[in-house]
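Spelled out from the first residue to the last, the chains are:
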Amino acid sequence: MPPRYDAIVPGTFDPVTNGHLDIIERAAQLFPTVHVAVAASSNKSALFTPEERVAMLHEVCAQMGTVSVGSFAGLLVDYAGECGAHVIVRGLRAVSDFEYELQMAHTNRRLRPDLETVFVMTTTEYSFLSSSIVKQIARLGGPVEGLVPDSVRQRLRDKVGLP
Ligand code: ADP
């Protein structure tokens, strides 16, 4: 019987989209436990605070028994160690994601060689979807149904005045 490893799914999640959820759900099928980790100190300027991003993830992951949510401000490899995770799961949408992901995977491997990075390919219907696109649509007053969970749509409405 091969060893079974716990996984961490890191990201900015500003806000969580249906594309993220798809990756989290599929990670939960592959690994015994999944820790979703909100990067509090991301280079990206965020619309939602880390606390709001964690709260949104809590709401949408509440039914997934083996999935927990937290946030981290330091190195991902250190936080993964604290969580007891041995696998980092990242989603890949297009070739444009690949270069950055390759760099991060090599960097994390150098920092902690026993932490493996595993990539899950996007589901076709979410291959165009990103938090940035969702925020752009919302800011311009467009519909985000089907792109984010309903609870996130409510919070977007409160934040940017979505109709
Ligand atoms: P980061 O700033 O770390 O890239 P994101 O919140 O943008 O954080 O993304 C977190 C993870 O989710 C990344 O691995 C990203 O590739 C993946 N992801 C985001 N949107 C999708 C999607 N539509 N389909 C598949 N994976 C996605």
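Everything quoted here is computed from the prediction, not taken from an experiment.

## Observations concerning the site of the ligand
Around the ligand, the structure places 14 residues, and the nearest of them are T12, K44, G91, Y126 and L129. H20 is positioned with one of its side-chain polar atoms (N or O) 3.0 Å from an oxygen atom of the ligand. For the ligand, whose free accessible area comes to 550 Å², the fraction covered by protein is 91%. Spatially, the ligand is embedded in the largest pocket. Mapped onto the shell around the ligand, the elements with two or more residues apiece are strand 1 (7-11), helix 1 (18-30) and strand 4 (87-92).

## Some remarks on unusual backbone geometry
Here D14 and P15 are connected by a cis peptide whose omega angle stands at 0 degrees. Within the secondary structure, P15 sits in the loop between strand 1 and helix 1. Look at F13: it is not a glycine, yet its phi comes out positive at around 50 degrees. Turning to its location among the elements, F13 is positioned in the loop between strand 1 and helix 1.

## Some details on the layout of surface pockets
As a volume, the largest pocket reaches approximately 1200 Å³. Only strand 1, helix 1, helix 3 (76-83), strand 4, helix 4 (95-111), strand 5 (116-121) and helix 5 (131-139) provide two or more residues apiece to the lining of the largest pocket. With 8 residues, helix 4 is the largest single contributor of residues to the lining of the largest pocket. Partitioned by chemical class, the residues of the lining of the largest pocket number 21 nonpolar, 18 polar and 7 charged.

Thresholds, definitions, all that
Residues numbered from 1 in each chain as written. Predicted model: local features only at pLDDT ≥ 70, side-chain atom pairs only at ≥ 80, totals over all residues. Heavy atoms only, no water. Near = heavy atom within 4 Å. Polar contact = N/O pair within 3.5 Å; in protein donor to acceptor, adjacent residues only side chain to side chain. Areas by Shrake-Rupley, 256 points an atom, 1.4 Å probe, with all protein chains shown as cover. 1 Å grid on protein atoms, 1.4 Å probe; cavity = no way out; pocket = protein on both sides within 12 Å on 5 of 7 lines; lining within 4 Å. Sits in = over half its atoms within 2 Å of the grid points. Helix = DSSP H or I, 4+ residues; strand = E, 2+ residues; numbered from the N terminus. Points joined across faces, edges and corners; volume = space filled by probe spheres on them. Nonpolar A, V, L, I, M, F, W, Y, C, P; charged D, E, K, R; others polar.

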